[in-house]
Amino acid sequence: MQLVITMSRRYGTGASVIANELSKRLGIPVYDKVDVEQEIHKNHYDTEAEAIRELAEQPCIILGRCASEILREKSTLQQIVMR
């Protein structure tokens, strides 16, 4: 199974701590705003959505960036909302 976890979050929820712990336990990378922006520049994507779709081709955790909406059609998507 190609697991992709998206985490919608609010400031102060500890989502990045939880994402990093999940990343260690599951052995998959976690991507946040900086990582998505680096992917855009590295691969010359026009939008964040393109970069997120590319990152989600492999198992990963994506923090914020509206990834749950961008990837809503992906059948292996697991969404976590931090409030």
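Everything numeric here is computed off the predicted structure, so don't read it as measured data.

Thresholds applied
Residues numbered from 1 in each chain as written. Predicted model: local features only at pLDDT ≥ 70, side-chain atom pairs only at ≥ 80, totals over all residues. Heavy atoms only, no water. Salt bridge = Lys/Arg side-chain N within 4 Å of Asp/Glu carboxyl O. Helix = DSSP H or I, 4+ residues; strand = E, 2+ residues; numbered from the N terminus. Buried < 20%, exposed > 50% of the residue type's maximum accessible area, 1.4 Å probe, protein only.

J.: Give me the lowdown on the pattern of salt bridges, citing residues and values where you can.
T.: All told, the structure shown has 4 salt bridges when counted by the stated rule. A salt bridge links Lys42 to Glu39, with the nearest nitrogen and oxygen atoms 3.7 Å apart. Of this pair, Lys42 and Glu39 both sit in helix α2 (residues 33-43), 3 residues apart, which is roughly one turn of the helix. Ionic pairing is found between Glu48 and Arg65, a salt bridge with its closest N-O pair at 3.0 Å. Pair noted here: Glu48 is in helix α3 (residues 48-55) and Arg65 is in the loop between β3 (60-63) and α4 (67-70), with a separation of 17 residues, a long-range link. Arg65 sits in the partly exposed class, given a relative accessible area of 26%.

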